[in-house]
Amino acid sequence: MNSFEPWFQCQSLGGDDSPARRDNNRWNLVWCHERCFKTEHHWHRRRINDAIAPLGGKLVAKRKAAKVTEWISMQSNQAAPYLLITDWREGQPFMKSRRDAS
């Protein structure tokens, strides 16, 4: 058993016919990390996507905070909410860009 396995165990409370299963993209998990597309993280991307898809989530991977900011600006006002997971290196510029945008 891999040490990440318990961390990724998620369950939908609504069963197979829940709204989360009918609507494929109700929310986005944005993973911002400079190495997120490297081969070493392929397994992580796949497991995260497999865990959140039944809950209506979609994984959006970006290398840099500027790309996350660009992605957000391209979303419509009716876009699905997002949860950002990043490290401090990209978190600081992301927060600065959000502060400057408001």
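For clarity, every value in this text was computed on a predicted model and none was experimentally measured. (Residues numbered from 1 in each chain as written. Predicted model: local features only at pLDDT ≥ 70, side-chain atom pairs only at ≥ 80, totals over all residues. Heavy atoms only, no water.)

## Describing the packing of helix α3 (residues 65–74) against helix α4 (residues 88–101)
Next, step 1: Packing of α3 against α4 brings their axes to within 8 Å, and their N-to-C directions diverge by 35°. Regarding α3 and α4, the two cross each other, and that crossing is right-handed. On the side of α3, the interface is formed by Ala 65, Val 68, Thr 69 and Ile 72, while α4 contributes Glu 90, Pro 93, Phe 94, Ser 97 and Arg 98.
Next, step 2: Of the residues contributing to the contact of α3 with α4, the split by class is five nonpolar, two polar and two charged. (Axes fitted to C-alpha atoms, helices over the stretch in contact; angles between N-to-C directions. Helix = DSSP H or I, 4+ residues; strand = E, 2+ residues; numbered from the N terminus. Left-handed = near helix turned anticlockwise from the far one by under 90°. Contact = heavy atoms within 4.5 Å. Nonpolar A, V, L, I, M, F, W, Y, C, P; charged D, E, K, R; others polar.)

## Quick notes on the pattern of salt bridges
Next, step 1: If you walk through the whole model with that rule in mind, you get five salt bridges.
Next, step 2: Linking Glu 34 and Arg 89 is a salt bridge whose minimum nitrogen-to-oxygen distance equals 2.6 Å. Of this pair, Glu 34 sits in the loop between β1 (27–32) and α2 (42–52) while Arg 89 sits in helix α4, and the two are 55 residues apart along the sequence.
Next, step 3: Looking at Arg 89, the relative accessible area reads 55%, which means it is exposed.
Next, step 4: Among the salt bridges present, the one from Glu 70 reaches Lys 67, with a minimum N-O distance of 3.9 Å. (Salt bridge = Lys/Arg side-chain N within 4 Å of Asp/Glu carboxyl O. Buried < 20%, exposed > 50% of the residue type's maximum accessible area, 1.4 Å probe, protein only.)

## Section: the sheet that holds strand β3 (residues 82–86)
Adjacent strands of a sheet pair through backbone hydrogen bonds, lying either parallel or antiparallel.
Next, step 1: Reading across the sheet, the three strands line up as β2-β1-β3 and stay open at both edges, with parallel pairing between neighbours. Where the open sheet ends on each side, the last strands, each with one partner, are β2 (57–62) and β3. Between one strand axis and the next, the sheet turns by 20° as a mean value, whatever way the strands run.
Next, step 2: Here β1 pairs with β2 via six bridges, running parallel. (Pairing = 2+ DSSP bridges.)

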